[in-house]
Structures are given as structure tokens and as C-alpha cells.
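Observations on the three-dimensional arrangement
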Amino acid sequence: MTIKTYEPQIIAAQPIGAWTGEVYRRVVVEGLRKQLAVEGLTQPHWWTLNHAAGRPGGWTRTTLIERLTPYDDQDTAFDAVFDDLINRGWLTEEADGAFTLTEEGEAGRLRARERNLKINERAHEGIDTDELVTTINVLRRMVANLGGNGNLPD
């Protein structure tokens, strides 16, 4: 789709919340969440799989709930998410409470990742790397200006 060109002062007067909200709805709600549902996953399932894959044995229920809650806009019962992944055989919980992704879990995570990458590729069409970096840095600064953490997640 071709989009119109506007004068800079008109663009600068646009409400950032409206535009970031629209991007959120299109990327996350209409894109990523629908693609995750193909695997029977929710976004909190996705977060859990990625954290367990990124730091095997490094997360427990308590530490992962603490980590993920600030990103949750769905009032998620995280214990139910963890139990679902364990019952599927995608995640194990060791005696010390640490989570480890299974081979089946990694395979499911990779399938979901491929679907999610396609959404991101569509969202980034026609946007060069410098523009994307500038956009993310501007949004990070806005978050920090409004009292949030503008740093990238660990």
C-alpha cells in the first residue's frame, strides 16, 4: 500500500499514542497472537519458551513471573501457562524449580518463531535499518521520559 507524504510539522503533531497503539494492535494482537494460536500458544507461552531457551535452568516460576508480569496486558495466570507447557511435554520443572525446555518445546518454539518472523518482516517492509534504529531509540527515550525503563531487555 502506498502511503501519502505529509509536511514534517503535520507528522510531528500526530498523537504518538494513537500510532503506537495502532502498530501494537496490528503487529501483536492481529499478527503475532494469531500466529501463536496456530500452535495453541498465547503470548505468555511464547515469552516462557524464549526465556527457558535463552537461559536453560535459569528460571523458576517465581523469577519468571516477576520478569514477565510487567509485559502482560492479559491478566495472565502464569502458573497455568507453565503447567500447560509442562503437560504438553515442552517444558520440565526440575526438583530445584528450574525450567528447562525439552526437544519438543524447542521444536514448537522454532515453528512459532518462523511464523512470528514473517509478521515482523511484513511490518518492516520498506523501512531501512537506520530508520528502524532511529524509531526504536526515539520510543526508548519516550518510555524513559515517562518514567519507564528505556533500556533493552536483558
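Please read these numbers as outputs of a predicted model, since none were measured by experiment.

Take the pattern of salt bridges next. Per the stated rule, a full pass over the model turns up twelve salt bridges. One salt bridge in this structure joins Arg 25 and Glu 22, with 3.1 Å as the shortest N-O distance. You can see Arg 25 and its partner Glu 22 sitting in helix H2 (residues 16-38), three residues apart, about one turn around the helix. On the basis of relative accessibility, which here comes to 27%, the residue Glu 22 falls in the partly exposed class. In this structure, the salt-bridge partner of Glu 114 is Arg 113, at a minimum N-O distance of 3.8 Å. Glu 114 gets classed as partly exposed once you look at its relative accessible area, which sits at 42%. Looking at Arg 113, the relative accessible area reads 36%, which means it is partly exposed. Ionic contacts of the salt-bridge type, sharing partners, join the residues Glu 22, Arg 25, Arg 26 and Glu 30 into one network.

Summed over all chains, the structure comprises two aromatic pairs. When the ring of Phe 82 is compared with that of Phe 99, the centres are 5.0 Å apart and the planes differ by 55 degrees; the resulting orientation is tilted. Of this pair, Phe 82 sits in helix H5 (residues 78-88) while Phe 99 sits in strand E2 (residues 99-101), and the two are 17 residues apart along the sequence. Overall, the relative accessible area of 1% leaves Phe 99 in the buried class. Joined through ring pairs, the aromatic side chains of Phe 78, Phe 82 and Phe 99 make up one cluster. For Arg 55, the ring lying beneath its charged end belongs to Trp 59, and the centroid distance is 4.0 Å.

A few words on unusual backbone geometry. A positive phi is found at Asp 75, a non-glycine position, where the angle reads about 50 degrees. If you trace the backbone, Asp 75 turns up in the loop between helix H4 (61-68) and H5.

Let us look at the packing of helix H3 (residues 43-54) against helix H6 (residues 103-123). When two helices pack together, you describe them by how their axes are tilted relative to each other and by the distance separating the axes. At their nearest, the axes of H3 and H6 sit 10 Å apart, and the two run at 120 degrees to each other. On the basis of the axis angle, H3 is oblique to H6. Read as a crossing pair, H3 and H6 show a hand that is left-handed. The residues of H6 that touch H3, namely those facing Trp 46, Leu 49, Asn 50 and Ala 53, are Gly 105, Glu 106, Arg 109, Ala 112, Arg 113 and Asn 116. For the contact of H3 with H6, the class distribution of residues is four nonpolar, three polar and three charged.

As a further point, take the environment of Tyr 24. Here Tyr 24 lies in helix H2. In the structure, Tyr 24 is positioned 117 residues away from Arg 141 in sequence and 18 Å away in space, judged by C-alpha atoms. In this structure, Tyr 24 is in contact with Val 29, Arg 33 and Asp 73, ignoring residues within four places of it in sequence.

Thresholds applied
- Residues numbered from 1 in each chain as written.
- Predicted model: local features only at pLDDT ≥ 70, side-chain atom pairs only at ≥ 80, totals over all residues.
- Heavy atoms only, no water.
- Salt bridge = Lys/Arg side-chain N within 4 Å of Asp/Glu carboxyl O.
- Helix = DSSP H or I, 4+ residues; strand = E, 2+ residues; numbered from the N terminus.
- Buried < 20%, exposed > 50% of the residue type's maximum accessible area, 1.4 Å probe, protein only.
- Phe/Tyr/Trp six-rings, centres within 6.5 Å; stacked < 30°, edge-to-face > 60°.
- Lys NZ or Arg CZ within 6 Å of the ring centre and 35° of its normal.
- Axes fitted to C-alpha atoms, helices over the stretch in contact; angles between N-to-C directions.
- Parallel < 35°, antiparallel > 145°, perpendicular 65-115°, else oblique.
- Left-handed = near helix turned anticlockwise from the far one by under 90°.
- Contact = heavy atoms within 4.5 Å.
- Nonpolar A, V, L, I, M, F, W, Y, C, P; charged D, E, K, R; others polar.

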